There are 2 protein chains.
Amino acid sequence: MPDDSWEPPPVLLAVDLVILTLRSMTLHVLLVERGIDPYAGTQALPGGFLSNASEGIETAAHRELREEANLDASRLHLEQLGAYGAPDRDPRGRVVSVAYLAIAPALPVPVAGTDAAAASWQPVHEVSLGRLKLAFDHEQILTDALERARTKLERTSLATAFCSETFTIAELQQVYEAVWGVRLDPRNFYRKIQRVPGFIVPAGPNQRTTKGRPARLFRAGTRTTLHPPLVRPGPSTTNEVHT
Amino acid sequence: MPDDSWEPPPVLLAVDLVILTLRSMTLHVLLVERGIDPYAGTQALPGGFLSNASEGIETAAHRELREEANLDASRLHLEQLGAYGAPDRDPRGRVVSVAYLAIAPALPVPVAGTDAAAASWQPVHEVSLGRLKLAFDHEQILTDALERARTKLERTSLATAFCSETFTIAELQQVYEAVWGVRLDPRNFYRKIQRVPGFIVPAGPNQRTTKGRPARLFRAGTRTTLHPPLVRPGPSTTNEVHT
DNA sequence: GCAAAAGTGTTTAGGATACACCCATGA
DNA sequence: TCATGGGTGTATCCTAAACACTTTTGC
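Residues numbered from 1 in each chain as written. Chains lettered and ligands numbered in written order. Predicted model: local features only at pLDDT ≥ 70, side-chain atom pairs only at ≥ 80, totals over all residues. Heavy atoms only, no water.

Notes on the side chain of His 138 of chain B
Residue and element names in this part refer to chain B. Put simply, the test is: Each helix is a run of H or I in the DSSP string that is no shorter than four residues. Each strand is a run of E no shorter than two, and both are numbered from the N terminus. Classification of residues uses two cut-offs on accessible area relative to the type maximum, computed with a 1.4 Å probe and protein chains only: under 20% is buried, over 50% is exposed, and between them is partly exposed. Here, residues are in contact when the closest pair of their heavy atoms is within 4.5 Å.
For His 138, the location among the structural elements is in helix α3 (residues 138–155). A relative accessible area of 2% means that His 138 is categorised as buried. The contact partners of His 138, leaving out residues within four places of it in the chain, are Asp 16, Ala 44, Leu 45 and Arg 89.

Some remarks on the interface of chain B and chain A
Applied cut-off: Take the accessible area each of two parts loses on contact, using a 1.4 Å probe, and add the two losses: that sum is the buried area. Here, a salt bridge means any side-chain nitrogen of Lys or Arg that lies within 4 Å of a carboxyl oxygen of Asp or Glu. Think of a polar contact as two N or O atoms within 3.5 Å of one another; within protein, one of them needs to be a possible hydrogen donor and the other a possible acceptor, and neighboring residues in sequence only count if both atoms come from side chains. At least two DSSP bridges between two strands are needed for those strands to be called paired.
The partner chain A presents 43 residues to the 43 residues of chain B that form the contact. Taken over both partners, the interface formed by chain B and chain A buries close to 3600 Å², and the fraction arising from carbon and sulfur atoms is 63%. Linking chain B to chain A there are two salt bridges. Its salt-bridge partner being Arg 155 of chain A, residue Glu 154 of chain B comes within 2.7 Å of it at the nearest N-O pair. In this assembly, chain B and chain A are joined by eleven residue pairs in polar contact (both at pLDDT 80 or more). Where the side of chain B that touches chain A is concerned, the elements lending two or more residues are β1 (10–23), β5 (77–84), β6 (95–103) and α3 of chain B. Take the side of chain B that touches chain A: its biggest share by element is four residues, from β1 of chain B. Strand direction decides the pairing type here: strand β1 (residues 10–23) of chain A and β1 of chain B, joined by three bridges, are antiparallel. From the neighbouring strand, Pro 10 of chain A faces β1 of chain B, where its bridge partner is Leu 12 of chain B.

Topic: the pattern of salt bridges
When the charged atoms of two side chains lie near each other, side chains of opposite charge can form a pair. Across all of its chains, the model carries 34 salt bridges over all chains by this definition. Across the pair Glu 79 of chain A and Lys 152 of chain A runs a salt bridge whose closest N-O atoms are separated by 3.3 Å. Residue Glu 79 of chain A is located in strand β5 (residues 77–84), and its partner Lys 152 of chain A is located in helix α3 (residues 138–155); the two are separated by 73 residues in the primary sequence. Using a relative accessible area of 27% as the deciding quantity, one classes Lys 152 of chain A as partly exposed. In this structure, the salt-bridge partner of Glu 165 of chain B is Arg 219 of chain B, at a minimum N-O distance of 3.8 Å. Remark: Arg 219 of chain B occurs in strand β9 (residues 215–220) and Glu 165 of chain B occurs in the loop between α3 and α4 (169–180); sequence separation between them is 54 residues.

So, to be careful, I would describe these as geometric facts and stop short of saying anything about function.
Following this line, the structure appears as structure tokens:
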């Protein structure tokens, strides 16, 4: 037991961002190439240290979002993932990083006006398949972020955060398919989504044209939680062969 | 933008524990009465600062679990909830606390051999109903912990962590009822649980006797994730009155 | 007209729910 | 034997899934 003069050890607090978006039907994450050691030249999640002792953690996340990804804090989903603070995760000293998950709609330019010019969108499967190595424990953070996104799609209206202001039901379906990694029946999805009151609401009588019949446009409704959840297909535990 | 001589501000890292258990059909949380300022005399979650710069965060959680609650780290569910670090949450300085959720089986003695003798199990509704105020932002942490527990009961076998080594299906049902705050049909619950392969496995031909017909005993199986989830009853969004 | 995508109808199987009923034990 | 909780059977409702089919556009 420590004596009265004992003082707790200080740590350095960092923020890391997992910024996900949908580009050409597949899930992408924003990565930056590190310019300094440790891990110079390696791809890493955008992030940085607390700027001063009175800065809030989420405030720091918003700041990094602006500085490193040129993304506006508003009109963007941001939630905390957790703290990552293994004693040996950073050779510079005791660093604890609070990771955040951000969801952005598909953007025209990869990253416009980025602080670190080395920023780029990378398909998440490049990382999960081991073809792209990340600095620190960022692969673990990304894995946790994906799992968080997958389950949140089931219980909340998070999927609309991947879409722009207005969107079609088919676009919303692409979000579910990309994040869950499954194929869904467009006809059943169409009705399933519309049967949830307040999930999506019609956005004017406007249509949109690409090929085939134009689709109706919707915008995100006010509902944030989905009860009952939209359960994703998966290894069913109950359906056993029983013959 | 900071110059080259800029150094990130240090923070003090603490760990807080939300230890939940089931006592006489209702959910309880372990609280300690603070002996020192700030918030001296107020109930608070057990926790403390990192003991030294090389201690892992989860290691610190385990240590506090032992020191403050006399609970063995093994045979106990422990997971991180997240970081709580509002700049003004602790008047002593910049403190960031990493909160953990622990689930313990019902214990014979409230808390045996506790470091802080002021530790006690309190019904969670005493806090959520506002009849018991907590120090710092611990009410928020407790709220988040409860929500985490509720959703994890749906998708994982976490419920068994509330039970002792062997348990009956009725005991498992009490866990779901207490955490979700609902009543479930015992007959349907009985089959629903048993239809999930690997969730619970029979524990010998032993029975147990109280009143009425003895129940079969089970122990936790190897399965940790439930697919599809055990969806809790709630405000159904789809079932609208349509007459 | 034809291709392509949007949107609708309908059938079927499996799970959720409600509840009648039987079983095993203590007192 | 009765009360009490454990465990089984079963009918009904509802949803998910599969898929045939119609609609609306561009070319």
